[in-house]
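Summary of the model geometry
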Amino acid sequence: IGIAGDSGSGKDTLVKSIINLVGKSSAVSISVDDYHNWDRQKPIWKFMTHLNPLMNNLEKLDKDILLLLDSKSITKTEYNHQSGQKELPVRVKSKSFILVSGLHSFYLPRTRESFDLKIFLDIDEDLRRFFKLKRDVLERGHNKENVLKYIGDRVEDSKKFIQPQLEYADLTLTLKHQKSDINILDNLEKDPKLLLLIRARNHPNQVALQRVLVGLCNLNFDLKTPDATGEIIITIEGDVDAVDVKRSAIFLCEDMFEFLDPETEWHSGMLGIMQLVTLLHIQQKLIGRLT
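Starting afresh in each chain, residues are numbered from 1 along the sequence in its written order. Two thresholds apply to this predicted model, a pLDDT of at least 70 for residue-level local features and 80 or more for giving and counting side-chain atom pairs, whereas whole-chain, interface and lining totals are computed over all residues. Processing note: side-chain calculations cover all non-hydrogen atoms of the structure and skip hydrogens and water entirely.

**Notes on the overall build of the chain**
Secondary structure elements follow DSSP: runs of H or I of four or more residues count as helices, runs of E of two or more count as strands, with numbering from the N terminus. Of the regular secondary structure elements, the chain holds nine helices and 12 strands. As defined in this context, the radius of gyration uses C-alpha atoms, and a globule is described by 2.2 Å times the residue total to the power 0.38. Relative to the globule expectation of 19 Å for 291 residues, the C-alpha radius of gyration of the chain, 19 Å, shows essentially globular dimensions. Over its C-alpha atoms, taken along the principal directions, the chain stretches across nearly 55 × 50 × 40 Å. We call a residue buried when its accessible area falls under 20% of the maximum for its residue type, exposed when it is over 50%, and partly exposed in between, using a 1.4 Å probe and counting protein chains only. Going through the 291 residues of the chain one by one, you find that 48% of them count as buried. A separation of at least 24 residues holds for 71% of the contacts in the chain among residues at least 6 apart in sequence. In what follows, residue pairs with any heavy atoms lying within 4.5 Å of each other are defined as contacts.

Below you can see the structure in the form of structure tokens.
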């Protein structure tokens, strides 16, 4: 499974939520950030950003993915976001589910062709800034003004290198905040209410999904039928708890539960719906493999 998107779009959060379903013993996650060529202190960062593919060893990423797909182990270094430095190399074993997330997950043709499922997180810009500030300021201890400047410095590279990867996605998940007239950056400790926009060229069971989310979870659900490209657009809004998300999964993905961890952790809110939608697409890909 490949997950791409801009910095602060929620890639790591989605990866963790998927691992919460399939279990740590069955899943290995690879962060594309670990393939940065240089530590943050190097002078080259004054002229280029992480978003530029040249700043990353994407060829090694591609080789490592192929090794993991061949059930072989890999050796890689891990990038420490707090120190901005690479740590000692670690050995990573292949597992049943391989999740690769990062800025450039779909950049190289051979890499993106390796994925059974490609997910792009196309978060609203205000919300992306909120999540990035919350992570970098509250969790990583960075200065708010520096983070905002950092975001501004990367806008052009995002348009040039990150956003074009959206066209390769099987599934695009877009988060928006419900009250667009409110400045959510004023209070980083209060999470805004979210709505989820789903775009997919071949979404499995969209009618059944609507039936369950409206009837069981009491969510607002709007479905736009396929256009000339075959893409459908679903908008989901409202509050839902983790218990109802799990009940929905039992209705929609019963055959998947033999692949899930006995101690699955379902989430409430839109993250839980993202878990459910992702699981539907994983189920579709597995059925395609088995038939």
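There's plenty left to go through after this.
**Observations regarding the pairing of strand β12 (residues 232-237)**
Along a regular strand, successive side chains alternate from one face of the sheet to the other. The two faces of β12 differ: Ile232, Ile234 and Ile236 on one face are buried, but Ile233, Thr235 and Glu237 on the other face are not. The pairing criterion is simple: DSSP has to find at least two bridges between the two strands. Here strand β10 (residues 194-200) pairs with β12 via six bridges, running antiparallel. For Leu195, the partnering residue across the bridge sits in β12 and is Glu237. Inspection of the sheet shows strand β11 (residues 220-224) paired to β12 by five bridges, in the antiparallel sense. Residue pairing for β12: Asp222 is matched across the bridge by Thr235.

**Describing the side chain of His267**
Take His267: it is sitting in the loop between α8 (242-252) and α9 (269-290). Residue His267 is classed as buried on the basis of its relative accessible area, which comes to 19%. Reaching out from His267, the side chain makes a polar contact with the side chain of Asn20 at a distance of 3.1 Å. Here His267 is in contact with Ser17, Asn20, Ala242, Val245, Gly272 and Gln275, once residues within four sequence places are set aside. N or O atoms closer than or at 3.5 Å make up a polar contact, with two conditions inside protein: a donor-capable atom paired with an acceptor-capable one, and, for residues adjacent in sequence, both atoms drawn from side chains.

**Here we look at the pattern of salt bridges**
Salt bridges are identified by distance alone: a Lys or Arg side-chain nitrogen within 4 Å of an Asp or Glu carboxyl oxygen. The final tally for this structure, using the stated rule, is 13 salt bridges. The residue Lys118 makes a salt bridge to Asp170 at a minimum N-O spacing of 3.8 Å. With Lys118 in strand β8 (residues 118-121) and Asp170 in the loop between α6 (155-162) and β9 (171-177), this residue pair connects regions lying 52 residues apart in the sequence. Residue Lys118 is classed as buried on the basis of its relative accessible area, which comes to 13%. Connected through shared salt-bridge partners, Asp6, Glu125 and Arg128 make up one network.

**Looking at the sheet that holds β9**
One open sheet accounts for eight strands, arranged β2-β7-β1-β8-β9-β10-β12-β11; its pairing is mixed. With one partner strand each, in any of the chains shown, β2 (27-31) and β11 form the two edges of the open sheet. Taking the axes of each pair of neighbouring strands and ignoring which way they run, one obtains an average angle of 15° across the sheet. Looking at chain direction, β2 and strand β7 (residues 97-102) are connected through five bridges and run parallel. Counterpart to Ile30 in the pairing with β7 is Val100. For helices, the fitted line uses only the C-alpha atoms of the stretch in contact; every axis is such a line through C-alpha atoms, and the angle between N-to-C directions lies from 0 to 180 degrees. Relative to the sheet, helix α1 (residues 11-22) contacts β1 (2-5), β2, β7, β8 and β9, its axis offset from that of β7 by approximately 170°. Here helix α2 (residues 58-69) sits on the sheet in contact with β2 and β7, set at roughly 165° to β7.

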